[in-house]
Amino acid sequence: MRTALVTGATSGIGHAFCRELAERGNDLVIVARDRVRLENVSDELRARYSVNVEILAVDLSKRTQLRKVADRLADRDRPVNLLVNNAGFGMSKSFLKGDLADEEAMLDVLCRAVLVLSHTAALSMKERGRGHIINVSSVIGFVPQGTYGAAKAWVTAFTETLAHELEGSGVSATALCPGFTHTEFHERASLDMSRLPQALWLDADWLVRDCLDDVRAGKVISVPGIQYKVIAGVAQIMPNSLLRVLSSRADSLRRRKR
Ligand SMILES: NC(=O)c1ccc[n+]([C@@H]2O[C@H](COP(=O)([O-])OP(=O)(O)OC[C@H]3O[C@@H](n4cnc5c(N)ncnc54)[C@H](OP(=O)(O)O)[C@@H]3O)[C@@H](O)[C@H]2O)c1
């Protein structure tokens with residue numbers, strides 16, 4: 001049996017990772033803040049897939065609590081073969097209108113937790129000569145779009161440099177860059193998504209399977225869905241100056257509609 005540790009395991013993309021990995025026979029270490037929801041997910045996974053499930057109820061924005069997850073990843077007697085850094089949230093307010101403490105907490109969860117857990121997991125996995133790290137980024141990281149987009153740009157760039165450093169070690173790192181996906185994310189961030197065209201929505205279960213195929217194929221960047229492959233491809237070749245203009249127009253249009 002193998003063990004996967006998934007952060008943000010109680011909802012959306014993280015929950016979909018847990019179901020898929022459990023179905024493939026992996027034991028799980030599941031991480032989120034809400035202990036009751038963690039226990040419900042644990043019961044569901046044990047009953048449906050007969051796997052072992054450990055719970056870590058932690059707030060990843062708090063340094064001492066994050067350390068508990070890092071310590072679990074460093075435990076040589078109970079190796080973790082796959083780390084999925086997935087926990088995250090967005091915010092509806094722009095940088096200057098929002099609260100700085102919320103921005104700091106977002107940065108801690110989206111970036112600092114990914115940095116710390118990737119470091120510990122990569123060292124342990126490298127020692128064993130095998131393992132995988134998946135960092136859930138976003139397609140928005142290819143576009144200059146708010147502090148959330150900036151954090152996701154960091155996650156993608158960080159994962160690329162990590163993958164480079166791990167080359168030849170038997171350990172891989174993949175940045176998963178989804179577009180809009182049906183989860184609790186938008187409701188939690190009070191984002192009105194009612195006008196988003198149906199063709200832009202992704203299904204969490206589908207994108208998780210697509211990502212695991214990409215990991216198996218050794219891809220460093222996984223962009224699920226043909227529509228987002230096109231968007232990401234165009235964004236990467238477009239001059240930055242034009243990208244900034246288009247992005248700021250889309251942003252002001254979005255804010256005016258709210
Ligand atoms: N949905 C999208 O359209 C979309 C698109 C691109 C990328 N993403 C990324 O996908 C990842 C998963 O998001 P999702 O869409 O699945 O959102 P979601 O349904 O809201 O799930 C978020 C998960 O993260 C956990 N979480 C949030 N803050 C946490 C904290 N401080 N400490 C520990 N756990 C925390 C939540 O559990 P608790 O509240 O119990 O802690 C929950 O399990 C995120 O990194 C997000 O940025 C989402």
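Residues numbered from 1 in each chain as written. Predicted model: local features only at pLDDT ≥ 70, side-chain atom pairs only at ≥ 80, totals over all residues. Heavy atoms only, no water.

Glancing now at the sheet that holds strand E5 (residues 131-136). Spatial strand order, E3-E2-E1-E4-E5-E6-E7: seven strands in an open sheet with parallel pairing. Single-partner strands in this sheet number two, and they are strand E3 (53-57) and strand E7 (221-222). Sheet topology note: the strand E1 (residues 3-7)/strand E2 (residues 27-32) ladder contains five bridges and is parallel. What sits directly across from Leu 5, in E2, is Val 29. The strands that helix H2 (residues 35-49) touches are E2 and E3; relative to E3, the one it contacts most, it runs at about 170°. Relative to strand E6 (residues 171-176), helix H5 (residues 146-166) is tilted by about 160°, and along the sheet it contacts E5, E6 and E7. (Pairing = 2+ DSSP bridges. Helix = DSSP H or I, 4+ residues; strand = E, 2+ residues; numbered from the N terminus. Contact = heavy atoms within 4.5 Å. Axes fitted to C-alpha atoms, helices over the stretch in contact; angles between N-to-C directions.)

In terms of residue burial, E1 counts as a mostly covered element, since five of its five residues are buried. Of the two faces of E1, the one holding Thr 3, Leu 5 and Thr 7 and the one holding Ala 4 and Val 6 are both buried throughout. Bridge analysis of E1 against strand E4 (residues 82-85) gives three bridges, and the strand direction is parallel. In the sheet register, Val 6 faces E4, and the bridge partner there is Val 84. (Buried < 20%, exposed > 50% of the residue type's maximum accessible area, 1.4 Å probe, protein only.)

This next bit is on the pattern of salt bridges. Considering all chains together, one arrives at 13 salt bridges under this definition. Salt bridges here are not isolated pairs; linked through shared partners, they connect Glu 54, Arg 72, Asp 75 and Arg 78. (Salt bridge = Lys/Arg side-chain N within 4 Å of Asp/Glu carboxyl O.)

Here the second largest pocket is characterised by a volume of approximately 350 Å³. What lines the second largest pocket is Arg 2, Leu 21, Arg 24, Gly 25, Asn 26, Asn 81, Leu 82, His 132, Leu 212, Asp 213, Val 215 and Arg 216. Tallied by class, the residues present in the lining of the second largest pocket amount to four nonpolar, four polar and four charged. (1 Å grid on protein atoms, 1.4 Å probe; cavity = no way out; pocket = protein on both sides within 12 Å on 5 of 7 lines; lining within 4 Å. Points joined across faces, edges and corners; volume = space filled by probe spheres on them. Nonpolar A, V, L, I, M, F, W, Y, C, P; charged D, E, K, R; others polar.)

Here we take up H2. Taking 1.5 Å per residue as the helical rise, H2 with its 15 residues ought to reach 21 Å, and the 21 Å between its terminal C-alpha atoms agrees with that figure. Where H2 is concerned, the buried positions are Leu 38, Val 41, Ser 42, Leu 45 and Tyr 49. Looking down the long axis of H2, one finds its buried residues gathered within 105° of arc, a one-sided arrangement. Among the exposed residues of H2, those pointing more than 90 degrees away from its buried face are Val 36, Ala 47 and Arg 48. One side-chain oxygen at the N-terminal end of H2 lies 3.1 Å from the backbone nitrogen of Val 36; it belongs to Asp 34. The first or second residue beyond H2 is Ser 50, which carries a positive phi of 55°. (Expected span 1.5 Å × (residues − 1). Arc of directions from axis to C-beta. Polar contact = N/O pair within 3.5 Å; in protein donor to acceptor, adjacent residues only side chain to side chain.)

Another aspect to go through is the nonpolar core. What tends to happen in soluble globular proteins is that the nonpolar side chains get buried as a cluster. Within the largest apolar cluster, 40 residues are counted, with the highest numbers of intra-cluster contacts made by Phe 17, Leu 21, Leu 28, Leu 45 and Ile 134. Sequence-distant contacts of Phe 17, defined by excluding residues within four places in its chain, comprise Val 6, Val 84, Ile 134, Val 136, Leu 176, Val 208, Cys 211 and Leu 212. Membership of the second largest hydrophobic core comes to 28 residues, among which are Leu 5, Leu 60, Ala 87 and Ala 122. (Core = buried A, V, L, I, M, F, W, Y, C linked by side-chain atoms within 4.5 Å.)

Let us look at the site of the ligand. As a matter of local geometry, the ligand sits amid 31 residues, with Thr 10, Ser 11, Arg 33, Tyr 148 and Thr 183 nearest to it. The backbone of Phe 185 places a nitrogen or oxygen atom 3.4 Å from an oxygen atom of the ligand. Between the ligand and the protein, one listed contact pairs an oxygen atom with a side-chain N or O atom of His 186 at 3.2 Å. Isolated, the ligand exposes 890 Å² of accessible area, and the fraction of that covered by the protein chains is 97%. Contributing elements (two or more residues each) for the shell around the ligand: helix H1 (12-23), H5 and helix H6 (185-188). Top element by residues in the shell around the ligand is H6. It accounts for three residues. (Near = heavy atom within 4 Å. Areas by Shrake-Rupley, 256 points an atom, 1.4 Å probe, with all protein chains shown as cover.)

This brings us to unusual backbone geometry. Despite not being glycine, Ser 50 has its phi angle at roughly 55°, a positive value. Inspection of the secondary structure puts Ser 50 in the loop between H2 and E3. Look at Ser 50 and you get exposed, because its relative accessible area is 64%. Of note, the phi angle at Ser 190 is positive, near 55°, even though the residue is not glycine. Relative to the assigned elements, Ser 190 resides in the loop between H6 and helix H7 (204-216).

Before going further, it helps to spend a moment on the environment of Ala 16. Relative to the helices and strands, Ala 16 resides in helix H1. Taking the relative accessible area as the measure of exposure, Ala 16 reaches 1% and is therefore buried. Along the sequence, Ala 16 and Asp 27 sit 11 residues apart, while their C-alpha atoms lie 15 Å from each other. Discounting chain neighbours no more than four positions away, the residues touching Ala 16 are Ala 204, Asp 205 and Val 208.

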